[in-house]
Amino acid sequence: MAAPRSPTRARERERSHAPAAGSDQVHSWTLATSQALDTVWRMAKGFVMLAVSFLVAAVCYFRRLHLYSGHKLKWWIGYLQRKFKRNLSVEAEVDLLSYCAREWKGETPRTKLMRKAYEELFWRHHIKCVRQVKRDNYDALRSVLFQIFSQGISFPSWMKEKDIVKLPEKLLFSQGCNWIQQYSFGPEKYTGSNVFGKLRKCVELLKTQWTEFNGIRDYHKRGSMCNTLFSDAILEYKLYEALKFIMLYQVTEVYEQMKTKKVIPSLFRLLFSRETSSDPLSFMMNHLNSVGDTCGLEQIDMFILGYSLEVKIKVFRLFKFNSRDFEVCYPEEPLRDWPEISLLTENDRHYHIPVF
């Protein structure tokens, strides 16, 4: 028969088993915690990598979108600028010497001459800027009319005494100039019986615009109005045709005076001494009708223009630098009270506007 177990020995065995059970419990909790943290870390790592991938994709997308939008925006801006840009036939002021340096590069004799001529304008004549004028066969008329309007110059004295709108009919009915029907409007050719109506509209536009500009005392407002007017090609060409007709009217008037043995200005004697302009009809057919179409104004035409508008047109002919013809006036002997406007030319064909 087995002896009963001692209570003391049983308690010792229980004490020896207790630490082992606690250690297993701690180990299991540590393992569970480690597994949980590992799971959380893998989840967090996956989420971060997913977020980074999404962010990179988003950056690439928005970068491409930005480039595409920029390209499209640039295209639309260019389109709208081309669509609505003012096509100014007289450009804004630019520095004279900078313009010269840009246009006349190199070391050829002509280039050196032009640079010296521009320096002469800058230092001696105090011309600091230049306004480029659209190069076509109206540019002499454009350069003159722009300055008349921008300076607010008034009508010539003879225009104040006559209604210039009625001058086309006056030539036909009072002076019997049936040949006026062969007048050409620049590139347009013969217009027949409609010529009087078209000329009347052109001259009426000139009178209206001239009156409006002359009535404005604010220089900057006149400049703004000039920018608007000289960006409208249709209105411009009507004004230039009106100026051509005014020149023709003056030639006809002086020719009638010459036939009655009256004293006429010397420039008209020179005009009528040429075979191609011996009378108003030949002047119109051989010279005036081509202006705006195949050629611009010749020097004799510049004299007539200055005389007709009662302005002194001073022209700096840069290609004539260091000669007596570098600076000329049309007409040569204007009346003292005539206003003065200035032009510059590099070849007697195209003109620009100097700014003092």
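Residues numbered from 1 in each chain as written. Predicted model: local features only at pLDDT ≥ 70, side-chain atom pairs only at ≥ 80, totals over all residues. Heavy atoms only, no water.

Right, let's get into the overall build of the chain. In terms of helices and strands, the chain carries 12 helices and 6 strands. In the chain, which comprises 356 residues, the share counted as buried stands at 41%. Contacts in the chain between residues far apart in sequence, at least 24 positions, make up 72% of those at least 6 positions apart. (Helix = DSSP H or I, 4+ residues; strand = E, 2+ residues; numbered from the N terminus. Buried < 20%, exposed > 50% of the residue type's maximum accessible area, 1.4 Å probe, protein only. Contact = heavy atoms within 4.5 Å.)

What follows is about the sheet that holds strand 3 (residues 312–317). Pairing is mixed across the open sheet formed by 6 strands, whose spatial order is 1-2-6-5-3-4. The outermost strands of the open sheet, each flanked by one partner alone, are strand 1 (90–95) and strand 4 (327–330). Within the sheet, the average angular offset between the axes of one strand and its neighbour, ignoring direction, is 30 degrees. Where strand 3 lies against strand 5 (residues 340–345), 6 bridges are found, and the strand directions are parallel. By the bridge assignment, Ile313 is partnered in strand 5 with Ile341. (Pairing = 2+ DSSP bridges. Axes fitted to C-alpha atoms, helices over the stretch in contact; angles between N-to-C directions.)

Take the nonpolar core next. Residues Phe149 and Ile313 are the most contacted members of the largest nonpolar core, which totals 74 residues. In terms of residue count, helix 9 (residues 233–259) provides more of this core than any other element does, 12 residues in total. When sequence neighbours within four positions are dropped, the list of residues in contact with Phe149 reads Leu206, Gln209, Trp210, Phe213, Arg222, Cys226, Leu229, Phe230 and Leu239. (Core = buried A, V, L, I, M, F, W, Y, C linked by side-chain atoms within 4.5 Å.)

A separate point is the pattern of salt bridges. For side chains of opposite charge, pairing can occur when their charged atoms come near one another. Evaluation of the coordinates by the stated rule reveals 17 salt bridges. Linking Glu120 and Arg124 is a salt bridge whose minimum nitrogen-to-oxygen distance equals 3.2 Å. The class for Arg124 is exposed, based on a relative accessible area of 59%. Here the salt bridges do not stand alone but share partners, grouping Lys312, Lys314, Glu327 and Glu340 into one network. (Salt bridge = Lys/Arg side-chain N within 4 Å of Asp/Glu carboxyl O.)

The residue Tyr237 is located in helix 9 in this model. Between the alpha carbons of Tyr237 and Gly292 there is a distance of 8.6 Å; along the sequence they are 55 residues apart. Among residues more than four places away in sequence, those in contact with Tyr237 are Lys134, Asp136, Tyr138 and Arg142.

Right, let's get into the confidence of the model for the chain. Residues of the chain with pLDDT of at least 70 account for 87%, and the chain-wide mean is 87. Counting interchain partners and residues more than four positions distant, the pLDDT-below-50 stretch residues 81–85 has 1 contact. (pLDDT = per-residue confidence, 0-100.)

Moving on, we get to unusual backbone geometry. Of note, the amide linkage connecting Tyr330 to Pro331 takes the cis form, showing an omega dihedral of -10 degrees. Within the element layout of this structure, Pro331 appears in the loop between strand 4 and strand 5. Backbone geometry at His126 places phi at a positive 60 degrees, although glycine is not the residue there. Relative to the helices and strands, His126 resides in the loop between helix 3 (109–123) and strand 2 (129–133). A positive phi angle, close to 55 degrees, is found at Glu310, a residue other than glycine. Tracing the backbone through its elements, the reader meets Glu310 in the loop between helix 12 (299–309) and strand 3. For Glu310, a relative accessible area of 16% translates into the label buried.

On to the packing of aromatic side chains. Enumeration according to the criterion identifies 17 aromatic pairs in this entry. When the centroid spacing of 6.2 Å and the interplanar angle of 55 degrees are considered together, the rings of Phe316 and Phe326 count as tilted. Remark: Phe326 occurs in the loop between strand 3 and strand 4 and Phe316 occurs in strand 3; sequence separation between them is 10 residues. Side by side, Phe316 and Phe326 carry an identical accessibility label, which is buried. These aromatic residues form a ring-pair network of at least three members: Phe149, Phe155, Trp210 and Phe213. Against the face of Phe122 rests Lys128, its NZ or CZ located 4.0 Å from the ring centre. (Phe/Tyr/Trp six-rings, centres within 6.5 Å; stacked < 30°, edge-to-face > 60°. Lys NZ or Arg CZ within 6 Å of the ring centre and 35° of its normal.)

So, on to the side chain of Ser308. Along the chain, the position of Ser308 falls in helix 12. Of the residues examined, Ser308 reaches a relative accessible area of 0% and is grouped as buried. For Ser308, the side chain forms a polar contact with the main-chain oxygen of Ile304, separated by 2.7 Å. Each residue touching Ser308, except ones within four places of it in the same chain, is listed here: Pro156, Trp158, Ile246, Met247 and Gln250. (Polar contact = N/O pair within 3.5 Å; in protein donor to acceptor, adjacent residues only side chain to side chain.)

Helix length check: helix 9 (27 residues) gives 39 Å between terminal C-alpha atoms against 39 Å at 1.5 Å per residue, within 8%. A side-chain oxygen of the first residue of helix 9 lies 3.2 Å from the backbone nitrogen of Ile234; this N-cap is Asp232. Taken from the residues just after helix 9, Lys261 is the one with a positive phi, measuring 65 degrees. (Expected span 1.5 Å × (residues − 1).)

Moving on: a nonpolar patch on the surface. A surface patch of nonpolar side chains, about 390 Å² in accessible area, is lined by Phe47, Val48, Val52 and Val56. Tracing the backbone through its elements, the reader meets Val52 in helix 1 (residues 7–84). (Patch = residues over 30% accessible without salt bridge, like charges linked within 9 Å, V, L, I, M, F, W, Y side chains within 5 Å. Areas by Shrake-Rupley, 256 points an atom, 1.4 Å probe, with all protein chains shown as cover.)

This part is about helix 4 (residues 139–151). Under the 1.5 Å per step criterion, the end-to-end length of helix 4 is 18 Å for 13 residues, consistent within 8% with the ideal 18 Å. Positioned one or two residues after helix 4, Gly152 has a phi angle of 70 degrees, which is positive.

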